[in-house]
Amino acid sequence: MTDQAPTADYRIERDSMGEMRVPAAALYGATTARAVANFPISGLRFSRSFLRALGLIKGAAAETNAALGLLPADKADPIARAAQEVADGRWDAEFPIDIFQTGSGTSTNMNANEVIAARAAQLSGHPETRPIHPNDDVNMCQSSNDVIPTAIHLAAYLDVAERLLPALAHLQRTLERRAVDTHDVVKTGRTHLMDATPVRLGQQVGGWAAQVELASRRLEATLPRLALLALGGTAVGTGLNAHPDFAPRTIALLAERTGYPFVEAPDHFAAQAAMDTAVELSGNLKAYAAGLTKIANDLRLMNSGPQAGLAEIVLPALQPGSSIMPGKINPVIPEAVMMVCAQVVGNDLTVTIGAQLGNFELNVMLPVIAHNLLQSIELLTNASLVLADKAVAGFTVNRDRIADLVEKNPILVTALNPLIGYDASAKIAKRAYADDRRVKDVAAELSDLSPADLDRLLAPAALAEGGIKGGGSGG
């Protein structure tokens, strides 16, 4: 756009392509305004954690450039202050560009450069006589092509370390506590959704806790590769226009500020062209989502009823379950968690496809990789906390119902296999099921085992600990 005049609502800004109308109150400039006009696609914006990472990178870069004598202090100081404001979330509304944009994320890198330059000029106190340039000053020694991959790793690392892993630890502790609480409850085990030999409810809940612990270990194992940052490669990985000490010194500042062991990637060509670590992390998020689905679905099924389902537990009643059926209460938390997990699985596919589209020296799907990866972390963090606090911590156990079911479970007869054989045991199981009688009573009629032996062999609590060892096969 050219030959425009400012109005009360708009001002005229200029970039390398010419003039552009920009909202009068906006900190961003012409390049950002062009991107807003070019990409009216989804309404999705970069997350708070990604903008935090961008602010941290720009602030550390300004301080490094000042220390290297490349940027005068009267510019570097206000840039660093403005960048910290971006990191703190003060200017999130100044980042209006859609996720679906240029594949390098150049639009959002320039968005950050423009916002920080304008705010730094305000902070400097003399914006007219000493202007701060978005490219020459804020973007010094950088390229979108190394800044955006760096921001993805930095944001993902911070989100996993500061939010997701603590959330998993909270869920794990909650499950472990409930496993202790319910250890004395012996219930019917199930395989293929059919009755199987008894287990302790605490064993089942403890298995869920073990799943969460393993998920945490997988995520922790990915962190060292997330800590490798692409900064310093500039346009294609060669480091053109960057001082040789810029990247190591800037990354050292990031490590110092965050308290995490960030280092320069050993190969900038891999760091900018390939998003393999993002795929690794996303895969581990997907693995956790699969496990979390299992936990949530088990809770939902055990809660089913109250009359025609399993009705082994009662989840906390959080809200009315139906607009038409009075008194109905639904397992809303497990259902919400399962939807989160479905979204994370879909996000993983997007990240995987995005990572495949690294062409020569640059991946061109960086914004959508960032969005899906960080959204998965955010969703799993919140879902883990909600499941722990609003489902696991508060469910109650229908002890009488569980005891009745386990006493009539025909599969208890499995414990008799080593003594009377599979065929004789199957005959007892079928008769007990057909007559709706206790296995113990039928076995007393159809075997030579004494009442004392049957009491010992068929005690559900003993079976939950393995019963008599040896013999038999499972299924």
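Criteria and cut-off values
Just so you know, the residues in each chain are numbered from 1, in the order the chain's sequence is written. This being a predicted model, a pLDDT of at least 70 is required before a residue's local features are given, and a value of 80 or more before pairs of side-chain atoms are given or counted; all residues contribute to the totals for chains, interfaces and linings. The basis for the side-chain values is all heavy atoms of the structure; hydrogens and waters are excluded. Lining residues are those with an atom within 4 Å of a point, where the points come from a 1 Å grid over the protein atoms alone and group into cavities, where a 1.4 Å probe fits but cannot get out, or pockets, open sets with protein on both sides within 12 Å along at least five of seven lines. Grid points are joined across faces, edges and corners, and a volume is the space filled by probe spheres set on the points. A run of DSSP states H or I qualifies as a helix once it reaches four residues; a run of E qualifies as a strand once it reaches two. Both are numbered from the N-terminal end. Residues are grouped as follows: Ala, Val, Leu, Ile, Met, Phe, Trp, Tyr, Cys and Pro are nonpolar; Asp, Glu, Lys and Arg are charged; every other residue, Gly included, is polar. Within the patch definition used here, like charges are joined within 9 Å and nonpolar side chains (Val, Leu, Ile, Met, Phe, Trp, Tyr) within 5 Å, considering only residues with over 30% relative accessible area and no salt bridge. Exposure was quantified through the Shrake-Rupley algorithm and a 1.4 Å probe, taking into account, for residues, occlusion by the shown protein chains and nothing else. Salt bridges, as used here, are contacts in which a Lys or Arg side-chain nitrogen is within 4 Å of a carboxyl oxygen on Asp or Glu. A helix's residues, less one, multiplied by 1.5 Å, set its expected span. Exposure is judged per residue with a 1.4 Å probe applied to protein chains only, and the accessible area is read against the type maximum: over 50% gives exposed, under 20% gives buried, and values in between give partly exposed. Whether two residues are in contact is decided by their heavy atoms, any of which lying within 4.5 Å being enough. We call two strands paired when DSSP finds no fewer than two bridges between them. Between the N-to-C directions of two axes lies an angle of 0 to 180 degrees, each axis being a line fitted to C-alpha atoms and, for a helix, fitted only over the stretch in contact. An angle below 35 degrees is treated as roughly parallel, one above 145 as roughly antiparallel, one from 65 to 115 as roughly perpendicular, and anything else as oblique. Should the near helix be turned anticlockwise from the far one by less than a right angle, the crossing is termed left-handed; should it be turned clockwise, right-handed.

1. Things to note about the layout of surface pockets
Leftover empty space is mapped by rolling, across the atoms, a probe with the size of a water molecule. Approximately 690 Å³ is the volume attributed to the largest pocket. Around the largest pocket, the lining is made up of 30 residues, and of these Glu 13, Arg 14, Gly 29, Glu 114 and Pro 134 lie nearest the centre. At the level of elements, β1 (10-15), α1 (30-38), α4 (106-124) and α5 (134-138) are the ones that each hand at least two residues to the lining of the largest pocket. Counting residues per element, the lining of the largest pocket draws most heavily on α4, at eight residues. Residue composition of the lining of the largest pocket, grouped by class: 14 nonpolar, nine polar and seven charged.

2. So, a nonpolar patch on the surface
A grouping of Leu 349, Ile 353, Leu 357 and Val 364 is seen on the molecular surface, where their side chains present a nonpolar patch of about 310 Å² in accessible area. For Leu 349, the location among the structural elements is in helix α11 (residues 332-356).

3. A short note on empty space enclosed by the protein
With the rule as written, the count across this model stands at one cavity of 30 Å³ or more. The volume enclosed by the largest cavity comes to roughly 30 Å³. Secondary-structure elements contributing two or more residues to the lining of the largest cavity are α11 and α12 (366-392). Top contributing element to the lining of the largest cavity by residue count: α11, with three residues.

4. Digging into helix α8 (residues 246-258)
Between its first and last C-alpha atoms α8 spans 18 Å; for 13 residues at 1.5 Å apiece the expected length is 18 Å, and the two agree. Taken together, the buried positions of α8 are occupied by Phe 246, Ala 247, Thr 250, Ile 251, Leu 253, Leu 254, Ala 255 and Thr 258. Where α8 is buried, its residues contact α2 (48-67), α6 (144-181), β5 (228-229) and β6 (263-264). Of the residues trailing α8, Gly 259 is marked for its positive phi of about 85°.

5. Section: the side chain of Thr 108
By secondary structure assignment, the location of Thr 108 is in helix α4. The buried category is assigned to Thr 108, whose relative accessible area is 2%. If we skip the residues at most four places from it in the chain, Thr 108 touches Phe 46, Phe 50, Leu 54, Ile 97 and Gln 101.

6. A word on α11
Taking 1.5 Å of rise per residue, 25 residues should cover 36 Å, and α11 covers 37 Å from first to last C-alpha, within 8% of that figure. Of the positions making up α11, those classed as buried are Ile 333, Pro 334, Val 337, Val 340, Cys 341, Val 344, Asn 347, Asp 348, Val 351, Gly 354 and Ala 355. Elements that come into contact with the buried residues of α11 comprise α10 (276-303), β8 (358-359), β9 (362-363) and α12.

7. Focus on the pairing of β1
In the sheet, β1 pairs with strand β2 (residues 18-23) via six bridges, with the strands oriented antiparallel. Of the residues in β2, the one forming a bridge with Arg 14 is Glu 19. Linking β1 to β2, which pair antiparallel, is a turn of two residues.

8. Side note on the environment of Leu 349
Overall, Leu 349 belongs to the exposed group, its relative accessible area being 51%. The sequence separation of Leu 349 and Ala 271 amounts to 78 residues, and the corresponding C-alpha distance is 21 Å.

9. Brief notes about the packing of α11 against α12
The contact between α11 and α12 brings their axes to 9 Å, and the two run at 160°. Taken together, the axes of α11 and α12 are roughly antiparallel relative to one another. Both α11 and α12 take part in a crossing whose hand is left-handed.

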